[in-house]
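# Structure at a glance
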There are 2 protein chains.
Amino acid sequence: MIDVPTGWESRGKPAALFRRFEFDRYGQTRDFLDALAALSESSGVHPQNINFGSKYVNITLDAQEPTLTGAANPVLAEQINGLYTSAARQ
Amino acid sequence: MIDVPTGWESRGKPAALFRRFEFDRYGQTRDFLDALAALSESSGVHPQNINFGSKYVNITLDAQEPTLTGAANPVLAEQINGLYTSAARQ
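All values derive from a computational prediction rather than experimental measurement.

## What to know about the interface of chain A and chain B
By a frequent convention, interface size equals the accessible area lost on bringing the separate parts together. Listed as interface residues are 13 residues of chain A and, on the opposing side, 13 residues of chain B. Taking both sides of the interface into account, the surface hidden between chain A and chain B amounts to around 1200 Å²; carbon and sulfur atoms contribute 49%. On inspection of chain A and its partner chain B, the count reaches 0 salt bridges. At the junction of chain A with chain B, the criterion picks out 6 residue pairs in polar contact (both at pLDDT 80 or more). Of all the elements in the fold, those that place two or more residues in the side of chain A that touches chain B are helix H1 (26–43) and strand E3 (49–53) of chain A. Relative to strand E3 (residues 49–53) of chain B, E3 of chain A runs antiparallel, the two being bridged by 3 bridges. What sits directly across from Phe 52 of chain A, in E3 of chain B, is Ile 50 of chain B.

Okay, structure coming up:
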């Protein structure tokens, strides 16, 4: 079984994780992207793809960093959820 | 006639501009993304969509900021080309 964190969808095989994050203002989007970059740099793990416009960010975590379940990294997905909570609240 | 800056493709009607930028290292990609964010903030014009992974950035400029030609902003495209030259050289 694949552990899919809140708000994420499991897609494909091996499973990638995907989530769309929406924001009210560009400033929130920017804060989220900056926090995401800092997380990538500190962890050394980069999402496979990030797709954004002024008020949304779509993130795909691929299965190249397998966990014991063979899925995309659910720990990273949970960390990203935490960044979203912080950015969207500002 | 639409003025299409070097390396960009004109797509659709009204014309959007699209370009893929490739990098040797994530650090260059990051520098480019940071410069792009600074340009967006100073100009107040945001690309419609930015799609990136660790070594590439795809940018779409839509036609919502029309110039006299009705095309996506070629001035912004040229400015982005300048940022690429700087980031890819590092």
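## Quick look at the sheet that holds E3 of chain B
With antiparallel pairing, the 8 strands of this open sheet are ordered in space as E1(A)-E2(A)-E4(A)-E3(A)-E3(B)-E4(B)-E2(B)-E1(B). Looking at which strands have only one partner, the edges of the open sheet turn out to be strand E1 (9–11) of chain A together with strand E1 (9–11) of chain B. This sheet shows a mean twist of 20 degrees between the axes of neighbouring strands, independent of strand direction. When E3 of chain A meets strand E4 (residues 56–61) of chain A, the two strands line up antiparallel, connected through 5 bridges. Residue Phe 52 of chain A lies in a different strand from E4 of chain A, and its bridge partner there is Val 57 of chain A. This element, H1 of chain A, spans strand E2 (16–22), E3 and E4 of chain A of the sheet and lies at about 25 degrees to E4 of chain A. Helix H2 (residues 74–89) of chain B contacts strand E2 (16–22) and strand E4 (56–61) of chain B of the sheet and is inclined by roughly 5 degrees relative to E2 of chain B.

## Structural notes on H1 of chain A
Owing to its 3.6 residues per turn, the α-helix brings residues three or four apart onto one side. Helix length check: H1 of chain A, at 18 residues, gives a terminal C-alpha distance of 25 Å against a target of 26 Å (1.5 Å per residue), a fit within 8%. Buried within H1 of chain A are the following residues: Tyr 26, Gln 28, Thr 29, Arg 30, Phe 32, Leu 33, Leu 36, Ala 37, Leu 39 and Ser 40 of chain A. Packing partners of the buried residues in H1 of chain A comprise E2, E3, E4 and helix H2 (74–89) of chain A together with helix H1 (26–43) of chain B. Backbone geometry just after H1 of chain A places Gly 44 of chain A at a positive phi near 75 degrees.

## Some remarks on the relation of the copies chain A and chain B
When chain A is brought onto chain B, the operation consists of a screw motion whose angular component is 180 degrees and whose axial shift is 0.0 Å, with 0.0 Å RMSD remaining. The relationship between the two copies is best expressed as a two-fold rotation axis. Judged by C-alpha distance, Asn 51 of chain A is the residue of chain A that lies nearest the rotation axis, at 2.0 Å. Of the interface residues in chain A, 100% have counterparts in chain B that sit at the interface too, so the contact is made through matching surfaces.

The rules behind each value
Residues numbered from 1 in each chain as written. Chains lettered and ligands numbered in written order. Predicted model: local features only at pLDDT ≥ 70, side-chain atom pairs only at ≥ 80, totals over all residues. Heavy atoms only, no water. Contact = heavy atoms within 4.5 Å. Buried area = accessible area lost by both parts, 1.4 Å probe. Salt bridge = Lys/Arg side-chain N within 4 Å of Asp/Glu carboxyl O. Polar contact = N/O pair within 3.5 Å; in protein donor to acceptor, adjacent residues only side chain to side chain. Helix = DSSP H or I, 4+ residues; strand = E, 2+ residues; numbered from the N terminus. Pairing = 2+ DSSP bridges. Axes fitted to C-alpha atoms, helices over the stretch in contact; angles between N-to-C directions. Expected span 1.5 Å × (residues − 1). Buried < 20%, exposed > 50% of the residue type's maximum accessible area, 1.4 Å probe, protein only. Least-squares fit on C-alpha atoms with pLDDT ≥ 70 in both.

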